[in-house]
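Listed below are the residues making up each chain.
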Amino acid sequence: MARACEGADCSNDAGTLQCPTCQKQGKDSFFCSQDCFKRNWSEHKKIHKSSSNPLGNFFTPTVISEPDPNTGHYNPFPSFPYTGSLRPAYPLSPTRELPAHITRPEYAKDGIPRSEQNFVGRNKITILDKKQQEGMRKVCRLAREVLDEAAAALKPGVTTDEIDAIVHKACIERDSYPSPLNYYNFPKSVCTSVNESICHGIPDHRALKDGDIVNIDVTLYHGGFHGDINETYYVGDKALANPDAVRVVEAARDCLDAAIAIAKPGTAFKEYGAVIEKLAKSRNCNTVKTYCGHGVNTQFHCAPNVPHYAKNKAIGIAKPGMTFTIEPMICTGSAKDKTWPDNWTSVTQDGGLSAQFEHTMLVTEDGVEVLTARLPSSPGGKVEMPAAATNGADGAEKPAA
Ligand SMILES: [Zn+2]
Ligand SMILES: [Zn+2]
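Residues numbered from 1 in each chain as written. Chains lettered and ligands numbered in written order. Predicted model: local features only at pLDDT ≥ 70, side-chain atom pairs only at ≥ 80, totals over all residues.

Draft legend 1. Spatial organisation of the environment of T103. Along the chain, the position of T103 falls in the loop between α3 (46–49) and α4 (130–152). Owing to 12 C-beta atoms within 10 Å, T103 belongs among the exposed residues under this scheme. Once the C-alpha coordinates of T103 and H222 are considered, the two residues, 119 residues apart in sequence, prove to be 7.4 Å apart. (Helix = DSSP H or I, 4+ residues; strand = E, 2+ residues; numbered from the N terminus. Buried ≥ 20, exposed ≤ 12 C-beta atoms within 10 Å, placed from the backbone.)

Draft legend 2. Spotlight on the pairing of strand β4 (residues 191–194). Here β4 shows two buried faces, one formed by C191 and S193 and the other by T192 and V194. Across four bridges, the pairing between β4 and strand β6 (residues 213–222) is antiparallel. Paired with S193 across the strands is N215, a residue of β6. (Pairing = 2+ DSSP bridges.)

Draft legend 3. Summary view of the sheet that holds strand β15 (residues 354–356). Across the sheet, which stays open at both edges, the three strands sit in the order β8-β12-β15 with antiparallel pairing between neighbours. This sheet does not close on itself; its edge strands, each paired only once, are β8 (286–287) and β15. Note: β8 against strand β12 (residues 329–331), two bridges, orientation antiparallel. From the neighbouring strand, T287 faces β12, where its bridge partner is I330.

Draft legend 4. Local environment of the sheet that holds strand β13 (residues 337–339). With respect to topology, three strands assemble into an open sheet ordered β5-β14-β13, the strand pairing being antiparallel. Since the sheet does not close on itself, it has two edges, and those belong to β5 (197–199) and β13, each with one partner. Neighbour-to-neighbour, the strand axes of the sheet open up by a mean angle of 40°, direction not taken into account. Pairing geometry for β13 and strand β14 (residues 346–348), over three bridges, is antiparallel. Within β14, the position partnered with K338 by the bridge is V347. (Axes fitted to C-alpha atoms, helices over the stretch in contact; angles between N-to-C directions.)

Rendered as structure tokens:
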């Protein structure tokens, strides 16, 4: 059933995007896109005045549900039952352009990764020859450089859209395509997942706050191969002083390291989950079941499937020449997930913090080579638990506020 877009200059069918103010006033008004909504806002808002809800003038909404007059930012899903305090800050910036000389993956135009969807032999795990392994080494090194550049820019006040711009530019400088861009129509060049967001957060105009944790998930396509990496970072001193933040971020980091420690020829892809779950539980954390590690090579996501929980039924055993990721998502509370109406952003159902780390690795004769390994210059890295908060009874000096 097609509805017409409310936009005055628009003949498109409407999508699911509704004017939040009309929605609150119990009226239907659907638009085809955020762009169209924004373009028509100054005209459209006049119809709000004619509606008679006198209380509307007295209560300030607790979420930005219509464009902030100063910034033009708004929450596109104001009636969605958010699980924590994170909100989207739309409109998304315009789609970023890429120079013509950059080699695109097959989905760059229409969003459909056709060869990933070819189900013939979907459990067959590719073994790369020496030349292909060199291609993976190269793209993974570039992905590490791009992640490090993005991470170096993190500080309170920076928006995730600004991080996206940095990643996009850094990819172009390395003659690479940012793999997330238009993959199943993902709108941006990197995933940025803040606080209760588990993964697949869409960069937008929300400024990072002192106390946030943010995961940056970078994938590059270069020379015919994808290289995939992510890390979670602390934003500002408040995050470093938050025991929950440090507990979950360091648990996720250690879960990845513990899994990599058992990776070698002969290890079954179903074995990593038990190692990860055991360590997560020992830190009073839980591991997400919905999203898995994956094969990565000429395709962004392919066999094997690498679950991060115990007693999974993943198929396959590591052999030299295979490349795959491990990328545990660890939560302070329940690991049950929920997806925002943007169809991407995955958050914890209980609103608790979630952290993730990811490497791409190559199976060698006697172990694995971590192709996305940290460099001596890489920002971030392990931190200690903040000193236990005291009540002052032991005479310890309180830190300045
Ligand atoms: Zn990734
Ligand atoms: Zn991945």
